[in-house]
Amino acid sequence: MIENNLYEGELIIEKIPQKYTEEVFNLVRAYEKRAKIRDPQDRISLIERKPGGFRVLTTENQLAKKLAKKIKEVFNSVEVVVSFSKEPYEVCRVKVIFI
């Protein structure tokens, strides 16, 4: 999947306060390591820095949802919006917005 630039999960993290940027990045990386131990297919194929946030692509759609849930658990002041693409695609798009 990674070689073909395919993904099933897209996580957009927006409006991160500057003091939390590195902490969020480290949280995403650490979460991937733990997920990969449970299931070797759970991987992050891309972490792209955007102004005020990140775009994260995952090989499994549930990984994007679980990662958003973890971010909400750690940083209480976030809003999470989940949407799914239409068939036949199985892409889960999750937006995490710091408020």
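Everything in this summary refers to the structure shown in the same document. Just so it is clear, the model here is predicted, and its values are computed rather than measured. (Residues numbered from 1 in each chain as written. Predicted model: local features only at pLDDT ≥ 70, side-chain atom pairs only at ≥ 80, totals over all residues. Heavy atoms only, no water.)

### Describing the pairing of strand β3 (residues 53-58)
Each regular strand shows side chains that alternate between the opposite faces of the sheet.
1) Next: Counting buried positions over the six residues of β3 gives six, a clear majority of the element.
2) Next: Burial of β3 is two-sided: the residues Gly-53, Arg-55 and Leu-57 facing one way and the residues Phe-54, Val-56 and Thr-58 facing the other way are all buried.
3) Next: Pairing geometry for strand β1 (residues 9-14) and β3, over five bridges, is antiparallel. Of the residues in β3, the one forming a bridge with Glu-10 is Leu-57.
4) Next: With six bridges connecting them, strand β2 (residues 44-50) and β3 associate as antiparallel partners. Paired with Ile-47 across the strands is Val-56, a residue of β3.
5) Next: Counting the residues between successive antiparallel strands, the hairpin from β2 to β3 contains two residues, one of them, Gly-52, with a positive phi of roughly 80°. (Buried < 20%, exposed > 50% of the residue type's maximum accessible area, 1.4 Å probe, protein only. Helix = DSSP H or I, 4+ residues; strand = E, 2+ residues; numbered from the N terminus. Pairing = 2+ DSSP bridges.)

### Brief notes about the packing of aromatic side chains
1) Next: Enumeration according to the criterion identifies three aromatic pairs in this entry.
2) Next: Between Phe-25 and Phe-54, the ring centres sit 5.8 Å apart and the planes meet at 35°, which makes this aromatic pair tilted. Within this pair, whereas Phe-25 is found in helix α1 (residues 21-38), its partner Phe-54 is found in strand β3, the two being separated by 29 residues in sequence.
3) Next: Pairwise contacts between aromatic rings join Tyr-20, Phe-75 and Phe-98 into one cluster.
4) Next: Positioned over the ring face of Phe-25 is Arg-49, at 5.0 Å from the centre of the ring. (Phe/Tyr/Trp six-rings, centres within 6.5 Å; stacked < 30°, edge-to-face > 60°. Lys NZ or Arg CZ within 6 Å of the ring centre and 35° of its normal.)

### Focus: unusual backbone geometry
1) Next: Despite not being glycine, Lys-15 shows a phi value in the positive range, around 55°.
2) Next: Checked against the element boundaries, Lys-15 lands in the loop between β1 and α1.
3) Next: Judged by relative accessible area, which is 58%, Lys-15 ranks as exposed.

The analysis is restricted to geometry; functional conclusions fall outside its scope.
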